[in-house]
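Commentary on secondary and tertiary structure
Below are the chains, spelled out letter by letter.
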Protein chains: 2
Amino acid sequence: MKIALAQLNYTIGDFEGNTRKITGAIASAHKQGADLVVFAELALTGYPAGDFLEFDDFIVQTEMHMQQIAAECRGITAIVGGPSRNKTGKGKPLFNSAWILGDGQVKQLVHKSLLPNYDVFDEYRYFEPATGFSIAGIGGTRVAVTICEDIWNTSEVPLYQRYPMDEAIAHQPQLIINIAASPFHYNQALIRRQVLRDNALKYRIPIIYVNHTGAHTELIFDGGSMACDSGGNVREALPFFSEGLKVIETDAAWYDASAAPGVAVDDENRDISLIHDALVLGIRDYFSKMGFRKAILGLSGGIDSAVTIALAAEALGAENVHGILLPSEFSSDHSIDDARQLALNLGCPHEIIKISESFHSLQQTMQPFFGDLPSGLTEENMQARIRAVILMALANKFGYILLNTSNKSEAAVGYGTLYGDMCGGLAVLGDVYKTDVYRLARHINRSRVIIPENSIVKPPSAELRPGQMDSDSLPDYAVLDKLLFNYIEKRMGRRELEEMGFDPHMVTRVLKMVSSNEWKRYQTPPILRVSPKAFGTGRRMPITGKYSG
Amino acid sequence: MKIALAQLNYTIGDFEGNTRKITGAIASAHKQGADLVVFAELALTGYPAGDFLEFDDFIVQTEMHMQQIAAECRGITAIVGGPSRNKTGKGKPLFNSAWILGDGQVKQLVHKSLLPNYDVFDEYRYFEPATGFSIAGIGGTRVAVTICEDIWNTSEVPLYQRYPMDEAIAHQPQLIINIAASPFHYNQALIRRQVLRDNALKYRIPIIYVNHTGAHTELIFDGGSMACDSGGNVREALPFFSEGLKVIETDAAWYDASAAPGVAVDDENRDISLIHDALVLGIRDYFSKMGFRKAILGLSGGIDSAVTIALAAEALGAENVHGILLPSEFSSDHSIDDARQLALNLGCPHEIIKISESFHSLQQTMQPFFGDLPSGLTEENMQARIRAVILMALANKFGYILLNTSNKSEAAVGYGTLYGDMCGGLAVLGDVYKTDVYRLARHINRSRVIIPENSIVKPPSAELRPGQMDSDSLPDYAVLDKLLFNYIEKRMGRRELEEMGFDPHMVTRVLKMVSSNEWKRYQTPPILRVSPKAFGTGRRMPITGKYSG
C-alpha cells in the first residue's frame, strides 16, 4: 500500500481554508499514486478549537465540509481528524474522531479512547472517550487507526485505565496509523520517537504518525510526522516546523525489522536550535493568523529585547520589525549604542524616543499626592508604563503588534511591571529561562555578530534607577533558573528542593515570589510554549492561595 | 441522629487556617449534641486548589491535617472533603474524596464518581473517578455519602455514563449526604434546590447538602447549605454568602413527606439582589485573602464606576475605597459633579487629578512620529492609558488594589482600552451586562440616593472625544445584551440568533467583535463570576481562530 503523510498548517475554525488545504493534498497524493492519505487529529477544525466545539453550528460545519472532502476521495482513501457527534444519548456530546473517507463518502468513524486533560489539554471538556476498538479495512489491509494519546499510555504508572493498543492488537492489524495533535516542547520530538519505537517493538508492527505543523497563539506544532518499521526505526520523516506531503510504500522488510536503539531524553540540556525554530514559527503564525504583518518592540540594549527582535526579524522580515529605543535618565550610553547597533545589524527600522519629559510631567501631576515620599518602586513602574503607553500609541496608530520581551525567570518571580514591560500581544521569551536566552543569543550569532557582544556579556539590569542590577534583588540566574526548573517543570516542593542542595532561605523566598505573583501573570500576554510546563493555559494556579510548595 | 451542617469560608492551601476552622466547628457541633458534622467538598484544601494538587507535598499536608482533625473526633463523626491518593496504580494519581473521621482516626474514604470538567471545572485534570459505590455506617444509620456532581446526572441527556445515585440506592441507604463545592451564578440556588428535590422525590429519601461559602478570585460560593426531607421540601437552610453551623435532627416525618413543588428557573430575569450580595462577597474576600484592605478606582461620573465604588464601599468600608476623578478636556462638567456627589454620598475619600498636562506632554513626544495624521482612536487610548498610569502609581505608592469597572457588554465587544480602563486587580462588573448594571444601580439606591440619578439616566459615553456616545459605535444596550446573552450563555450561533429575530447584519457584526477581541480579554483582570458563563477560566476560546458562531 502506498500511503501519503500530509503534514499541514491549519487555522482554527477556518473550514473553507482547511478544506482547501486538505483537498489539495488529496489531489496531490492521488497524483503520486497513493492509496491512502493521512491527515492530523482534528485537522479540519484546527487544534485546539476550544469552546468553539460547544457551538452546534461548528459541528454542522464539520459534517458539511467532511462530506465535501469525501466527495474528492475517488480512487483514494483519506483519514481526516474531526469531531463527530456522540449519538449514544449518554456522556459528552462529541467524540474526537478519525473520519475515514473513500468512494466519495464517509466510510467509517474511529473515536479516540484516551483523552488528555493535563497541562494545556482539555479534551475531556468536550469529548466522550470511545468504549471499544474497531479496525479499519483500507485497500485490503487491516489498519488500526489510533488518535494521538491512544498510543501514549505506556508509563509504568499508567494515567488511564485502558490500553487501546492492546485492544487494537487483539484485532490483528497489519499497520498502525496514529493521527496526532502533539505540540512542541524541547523534549517532545525525542519522547515521541521513543513512544513510537516502544509501540512498534512491543507489538512488532509498523506505525505511521501524522502531526500538525504551525502555531496557534501559545501552542506550536512542530510536525515531525514519520513512518516507523516494526523495529521502531524511522524509515521516513517529514520536516520540523513546515508543511510537507510524503508518499511512502511499506515492503516486507518493514515487517521484519531489527530493533531501533532507545532514545535518550535529557531534561537539562535543551536543544536551543529547536527552541529557536519553534519561536520563529510561533511569531510568524501569530501574525499571519491574526492578519498582521508588522511588529514593534522596545529595545533596551539588554539581552531579552535583542533576542526577541532577532527572532521577530527572522519570522517577519527585518523591514517589518520596528525597534524603539526609549531611554530615560538612568539609561547608560552603552545601552543606547548596543540597541542601535543591534537594529543596524539586523536592518530593522528604529527610532529613539526619550521618556524623560513625559516622566517629569507625570511626576509633577503626582507631586501633590506623593509630596516628600522617597522615590522608589512606584517611580520605576511609572517609567516602564510610560514606555508602554508610547509603544502602544505607535502600535495603534500604525497597526503594529507589540511584542513582549519578558523571559521566564522574570515572569516567574514577578520581576517586571504590569501594564509596563509586561505589555504586548505575544510574549516571545516567556517560556525561556534567562540562561537559555543567552544560549539563544549565541545561537543567533552563530555565523555573524547580530547581537552586540556587549549585550551578552554585561550584567543584566532593568536600568530604572542609577546603578541598578538584577543581582541586587534576585539570586544569580544560573542558580535561580535551576531552582525554577525543578519547581515549575518538575513540580518539586520546598523539601525536595532543599534535599537537592538549594539554600533553604532562597527556596522559601523564591517559591513565595512565584506564588505571590500569580495575579500579575494572570494578565500577561500569551506566551509561546517551548517547555513541558509554560506559564499560561497549561499551568493553573489559584491567585488567592496560601501555599507555595 | 443529630447532624451539624458546617458551612465555612476556606482559604485555598491554608492548611493551618482551614484545620483551625474545621476543628472549631467540630467542637461546637459536639457541644450542641451532634452525632455527625458535615463539611464541604475539598474543604481542607479549599476549592479550586488548581495545580497545587500536583505537588506531592500538598497531598502530604492534606493527610497530615486530616489526621489532626480526626484526633478531635471523639464522640462525634465528621465528614471532611479532601483529596486522597489513588493507590490502584492506574489512572490519575488522586481521588476527590469524603474523609469520614471518627474515634480519633480516619474511618473510611468515599470517592467522587462524576468529575465535572466543563465551564470553570477542571476536575478530571487531577482526579480519577470512583469505580463503585460504598455506603457508610454512621451511628447505626446507613448513609450514602456523595460528592457534589454525583447527584447532578439528572438531565434527560445525561452527561455521564454512570448514575451514582442509582448505585447508592441499591445499598438501601437511609439518608443521603452531599458535600459540595458549587459556585454561585444567578440561577444556581434555584437549580440546586430543583436537583435536591428531584433526587429526594425520585428515591424518597432525605438529603443533607453542605456547600462552601466565600470567594476565591473569580469563583464566589454562596453557601445555601440545606436539609431536605424525602419529599424534597427544604426543612432547614443555612444563609447565603456567610458562614454558619446548624444542627438538625431528622424525625419520622422527614421520611414520609409530601412532594415539594417544583422550582421555576427563569434565565432572563436575574435576581439582582443575589448578584449584588455575591459581588460584595467577591470583593471582600479577594482583598482579605490577598492581604489588602484598601481599594482605588477611577470615577468617571458614569454608571459602571458608580456601581463599582458602591459595591466596594459596602465590601471594604467607605473609608477604604478611594475614588479618583481623572477629567480630561472632553469630560463634561456634570460628569465631574456626579462623580464628586457619589463619593460624598458614600463617604469615600476622593481626589481630582487632571490628565491634560500629561496628555499634552505625551502628544508632544509623539508629534515627530504622528505628524499631521488625524487624531483618533490612538489618542483616545492614550488618555485611558494615562489614567491607568496615574491610578497604578497611587496604588503602588500607597498599597491599594485598583478595581476594574468594565462591564460584560463592553468586555464582550472589546469596547475598552487594554492597559487603560481595562486595568485592575479585580474586575467587579465584568460578568454583569450593562442593562444589569443599571438594575444594580437601582438596587443600590433602593433606600436612599447613593448613585446620582443623573449617572443613571444620562446616555452612556466614554467621553474620550467631544460628544462621544456609546450608541455611536454599539447597538442599543437592551438589544446588544439580549444578543450577547444568547450567544455567550446559550451558545447560539449566527443562524439561531437570526431565527430569534435579531438583525442579520448586527449579528454578524457583534459576533465578529466578540471573537476578534479574544486577544484583549486574555489580558484582562480576573472577573467575579455571577453568570453560568463568564469571561475568564470558564470560557476558553482560541485567540487566532477564524470562527465566530
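About the criteria used
- Residues numbered from 1 in each chain as written.
- Chains lettered and ligands numbered in written order.
- Predicted model: local features only at pLDDT ≥ 70, side-chain atom pairs only at ≥ 80, totals over all residues.
- Helix = DSSP H or I, 4+ residues; strand = E, 2+ residues; numbered from the N terminus.
- Rg over C-alpha atoms; globule rule 2.2 N^0.38 Å.
- Buried ≥ 20, exposed ≤ 12 C-beta atoms within 10 Å, placed from the backbone.
- Contact = placed C-beta atoms within 7 Å.
- Axes fitted to C-alpha atoms, helices over the stretch in contact; angles between N-to-C directions.
- Parallel < 35°, antiparallel > 145°, perpendicular 65-115°, else oblique.
- Left-handed = near helix turned anticlockwise from the far one by under 90°.
- Nonpolar A, V, L, I, M, F, W, Y, C, P; charged D, E, K, R; others polar.
- Core = buried A, V, L, I, M, F, W, Y, C linked by C-beta atoms within 7 Å.
- Expected span 1.5 Å × (residues − 1).
- Least-squares fit on C-alpha atoms with pLDDT ≥ 70 in both.
- Pairing = 2+ DSSP bridges.
- Right-handed = clockwise from strand over helix to strand, strands pointing away.
- Domains from an automatic or database assignment.

Re the overall build of chain A
On a plain count of helices and strands, chain A comes out with 17 helices and 19 strands. Radius of gyration (C-alpha) of chain A: 26 Å, near the 24 Å computed for a compact globule of 549 residues. Going through the 549 residues of chain A one by one, you find that 58% of them count as buried. Counting only contacts in chain A whose residues sit at least 6 apart along the sequence, the fraction spanning at least 24 positions is 73%.

Digging into the environment of A:G104
Tracing the backbone shows A:G104 in the loop between β4 (94-102) and β5 (105-111). In this view, A:G104 contacts A:A70, A:A71, A:C73 and A:R74; residues no more than four positions away in its chain are not counted.

Regarding the packing of helix α9 (residues 377-398) of chain A against helix α10 (residues 377-398) of chain B
Contact geometry for α9(A) and α10(B): axes closest at 10 Å, N-to-C directions at 165°. When the interaxial angle is binned, α9(A) and α10(B) end up roughly antiparallel. With respect to the hand of their crossing, α9(A) and α10(B) are arranged in right-handed fashion. For the pair α9(A) and α10(B), the contacting residues are A:L377, A:T378, A:N381, A:M382, A:R385, A:I386, A:V389, A:M392, A:A393, A:N396 and A:K397 in the first and B:L377, B:T378, B:N381, B:M382, B:R385, B:I386, B:V389, B:M392, B:A393, B:N396 and B:K397 in the second. Here the residues of the contact of α9(A) with α10(B) are counted per class, giving 12 nonpolar, six polar and four charged.

Considerations on unusual backbone geometry
Looking along the chain, the bond that leaves A:Y47 and enters A:P48 is cis, with omega of 0°. With respect to the helices and strands, A:P48 occurs in the loop between β2 (36-38) and α2 (56-71). Positive phi, normally seen in glycine, also occurs at B:F241, with a value near 65°. With respect to the helices, strands and loops of the structure, B:F241 is situated in the loop between β13 (234-237) and β14 (244-249).

Some details on helix α12 (residues 434-444) of chain B
Listed as buried for α12(B) are B:K434, B:D436, B:V437, B:Y438, B:L440, B:A441 and B:I444. Contacts from the buried residues of α12(B) go to α6 (272-290), α7 (303-316), α11 (408-413), α13 (453-457) and α15 (477-489) of chain B.

Some remarks on the nonpolar core
Membership of the largest hydrophobic core comes to 274 residues, with the highest contact counts inside it found for B:V38 and B:F39. Contact partners of B:V38, with chain neighbours within four places excluded, come to B:I3, B:A4, B:L5, B:A6, B:I79, B:I177, B:I179, B:I208 and B:V210. Grouped together as the second largest cluster of nonpolar side chains are 80 residues, A:A6, A:A136, A:Y160 and A:A227 included.

Concerning α2(A)
Residues three or four positions apart in an α-helix share a direction because the helix packs 3.6 residues into each turn. Over its 16 residues, α2(A) extends 23 Å from the first C-alpha to the last, a length consistent with the 22 Å expected when each residue adds 1.5 Å. Close packing links the buried residues of α2(A) with α1 (15-31), β3 (77-85), β4 and β5 of chain A.

Side note on the packing of helix α14 (residues 477-489) of chain A against helix α16 (residues 504-516) of chain A
Residue and element names in this part refer to chain A. Their axes nearest at 11 Å, the elements α14 and α16 cross at an angle of 60°. For the element pair α14 and α16, the recorded crossing hand is right-handed. On α16, the residues that touch L480, L483 and Y487 of α14 are V507, V510, L511 and V514. Grouping the constituent residues of the contact of α14 with α16 by class yields seven nonpolar, no polar and no charged.

Quick notes on the interface of chain A and chain B
Contacts between the two partners involve 79 residues from chain A and, on the opposite side, 79 residues from chain B. Among the secondary structure elements, those contributing two or more residues to the side of chain A that touches chain B are α2, α5 (272-290), α8 (356-370), α9 and α15 (494-499) of chain A. Ranked by residue count, the leading element in the side of chain A that touches chain B is α9(A), at 14 residues. Within the side of chain A that touches chain B, the residues separate by chemical class into 39 nonpolar, 21 polar and 19 charged.

Regarding the relation of the copies chain A and chain B
The two copies are related by a screw operation: chain A maps onto chain B through 180° of rotation and 0.0 Å of translation along the axis, at an RMSD of 0.0 Å. Given the turn and translation reported, the copies of this chain are related as if by a two-fold rotation axis. Of every C-alpha in chain A, the one belonging to A:Q523 sits nearest the axis of rotation, 2.2 Å from it. Both copies contact each other with a shared surface, as 100% of the interface residues of chain A are interface residues in chain B too.

Digging into the sheet that holds strand β8 (residues 175-179) of chain B
Residues and elements named next belong to chain B. Taken in spatial order, the six strands line up as β6-β7-β8-β9-β12-β13 in an open sheet, and their pairing is mixed. Looking at which strands have only one partner, the edges of the open sheet turn out to be β6 (136-138) and β13. Each strand of the sheet is rotated relative to its neighbour by a mean of 25°, with strand direction disregarded. For β6 and strand β7 (residues 141-147), the ladder comprises three bridges, and the chain directions are antiparallel. Looking across to β7, one finds that I138 is bridged to T141. With respect to the sheet, helix α4 (residues 188-203) is in contact with β9 (207-210), β12 (226-228) and β13, its orientation differing from that of β9 by roughly 155°.

A short note on the pairing of strand β9 (residues 207-210) of chain A
Residue and element names in this part refer to chain A. Side chains of β9 alternate between two faces, with I207 and Y209 and I208 and V210 buried alike. As defined by bridge partners, strand β8 (residues 175-179) adjoins β9 across four bridges and the pair is classed as parallel. When the bridges of β9 are listed, I179 appears paired with V210. At this point the chain moves from β8, through helix α4 (residues 188-203), to the parallel β9, and the crossover so formed is right-handed. Strand direction decides the pairing type here: β9 and strand β12 (residues 226-228), joined by three bridges, are antiparallel. Note that in β12 the partner of Y209 across the bridge is M226.

Quick notes on the domain arrangement of chain A
All names here are of chain A. Split by domain assignment, chain A resolves into domain 1 (2-255) and domain 2 (272-470). The C-alpha centroid of domain 2 is placed 40 Å from the C-alpha centroid of domain 1. Contacts between the two partners involve 10 residues from domain 1, matched on the other side by nine residues from domain 2. Elements with a contribution of two residues or more to the side of domain 1 that touches domain 2: β10 (213-216) and β11 (219-222). Taken together, the residues of the side of domain 1 that touches domain 2 break down into six nonpolar, three polar and one charged.

Structural notes on the sheet that holds strand β19 (residues 426-427) of chain B
Residues and elements named next belong to chain B. The strand order across the open sheet formed by five strands is β17-β16-β15-β18-β19, and the pairing between neighbours is parallel. With one partner strand each, in any of the chains shown, β17 (350-352) and β19 form the two edges of the open sheet. Strand direction decides the pairing type here: strand β15 (residues 295-299) and strand β16 (residues 321-325), joined by five bridges, are parallel. By the bridge assignment, A295 is partnered in β16 with V321. The sheet contacts of α7 involve β15, β16 and β18 (401-404), and relative to β15 the element is tilted by about 160°.

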